[in-house]
Amino acid sequence: MNDTANVAIRAEDVCKSYGSRQAIRNLNMAVPAHSVTAILGPNGAGKSTLMRMITGMETPDTGTFSVLGRKPSWELNRWIAYLPDRAQWYSHHMVEHALEWARTLQPGFNEMRARDLMVTLDLDASMKVEGMSKGEEARLMLALCLARDVPLLVLDEPFSGIDMISRERIVAALIDSFSEREQTVLISTHEIAETESLFDYAVFVDKGVAVLAGDVERMRAERGSLQQVYRQLYG
Ligand SMILES: Nc1ncnc2c1ncn2[C@@H]1O[C@H](COP(=O)(O)OP(=O)(O)OP(=O)(O)O)[C@@H](O)[C@H]1O
């Protein structure tokens with residue numbers, strides 16, 4: 001993929017260390033524009049680190065990123081809806097406050113879509129965040145991100161804590177929603193079996209290196225399901 005217009009995120013020879021620990025090593029990848037791309041790999045592979053660098057929260061030690069044709073920065077983040085790992089909403093607030101916050105501060109926030117998503121995700125706007133279960137809070141954070149009309153969504157483990165049946169239902173709703181919109185979506189997840197129908201491109205990361213990347217359809221034809229590819233790589 002050489003054409004910049006067709007690539008939403010490009011990483012070239014990116015390295016990132018924490019002390020003596022090398023989290024990302026000479027990572028190269030190109031995420032196709034308008035794709036729903038999976039970032040997959042075992043614990044500690046470097047997925048969250050990668051996402052923090054894409055959103056400008058951290059900078060690479062060496063190498064470069066191009067995100068939506070620009071260098072990652074705080075300014076660029078107005079075009080990105082980022083759901084960080086371990087995201088939490090203020091516990092003493094109601095869901096309604098979260099909507100108000102997003103409406104005021106989040107560029108491209110579409111409140112009508114947010115309210116529709118609340119229904120899809122079984123959330124009641126009068127709920128208090130304090131009493132929410134882990135899965136309910138995960139749904140709230142997901143709804144706030146999905147409601148944004150921005151060109152790039154970066155979702156770090158958005159399904160973590162959500163039960164299997166709800167997850168399948170949410171994934172089905174997301175497939176419809178993504179197919180109607182022109183966004184590029186990057187998702188890291190460990191729930192490969194229930195989510196693999198979402199993805200059209202996948203990047204497998206191991207020990208900070210992108211070890212395999214490509215079209216999901218082709219991978220399935222050549223190697224079976226994404227889950228099988230995962231087992232072949234890490235099993
Ligand atoms: N702030 C930090 N300080 C020190 N080490 C870190 C920091 N952030 C990440 N690391 C290390 O970098 C490596 C990659 O971590 P990262 O969180 O990116 O992995 P991950 O693929 O997202 O893992 P998981 O699937 O468990 O969420 C790990 O070895 C981790 O311990």
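Residues numbered from 1 in each chain as written. Predicted model: local features only at pLDDT ≥ 70, side-chain atom pairs only at ≥ 80, totals over all residues. Heavy atoms only, no water.

## What about the pattern of salt bridges?
Part 1 of the reasoning: What the rule picks out here adds up to 14 salt bridges.
Part 2 of the reasoning: Between Glu75 and Arg70 there is a salt bridge, with its nearest N and O atoms 3.6 Å apart.
Part 3 of the reasoning: The structure contains a network of salt bridges with shared partners spanning Glu96, Arg103, Glu111 and Arg115. (Salt bridge = Lys/Arg side-chain N within 4 Å of Asp/Glu carboxyl O.)

## What about helix α8 (residues 226-234)?
Part 1 of the reasoning: Along α8, the residues that are buried comprise Leu226, Val229 and Tyr234. Along α8, the residues classed as buried sweep out an arc of 105° about the axis, all on the same side.
Part 2 of the reasoning: Residues of α8 that are buried make contact with β3 (36-40), α6 (192-195), β8 (201-206), β9 (209-215) and α7 (216-223). (Buried < 20%, exposed > 50% of the residue type's maximum accessible area, 1.4 Å probe, protein only. Helix = DSSP H or I, 4+ residues; strand = E, 2+ residues; numbered from the N terminus. Arc of directions from axis to C-beta. Contact = heavy atoms within 4.5 Å.)

## Some words on the pairing of strand β2 (residues 21-32)
Part 1 of the reasoning: Two strands pair when backbone bridges link them, and strand β1 (residues 7-18) and β2 are joined in this way by eight bridges, in the antiparallel orientation. When the bridges of β2 are listed, Ile9 appears paired with Val31.
Part 2 of the reasoning: What sits between the antiparallel neighbours β1 and β2 is a turn of two residues, in which Gly19 has the positive phi angle 60°. (Pairing = 2+ DSSP bridges.)

## Considerations on the sheet that holds β1
Part 1 of the reasoning: One open sheet holds the three strands; their spatial order is β2-β1-β4, and the pairing between them is antiparallel. Each end of this open sheet is capped by a strand with a single partner; those strands are β2 and β4 (62-67). Averaged over all adjacent pairs, the angle separating strand axes in this sheet is 15°, with direction ignored.
Part 2 of the reasoning: Sheet strands touched by helix α1 (residues 47-54): β1, β2 and β4. Its angle to β2, the strand with the most contacts, is close to 65°. (Axes fitted to C-alpha atoms, helices over the stretch in contact; angles between N-to-C directions.)

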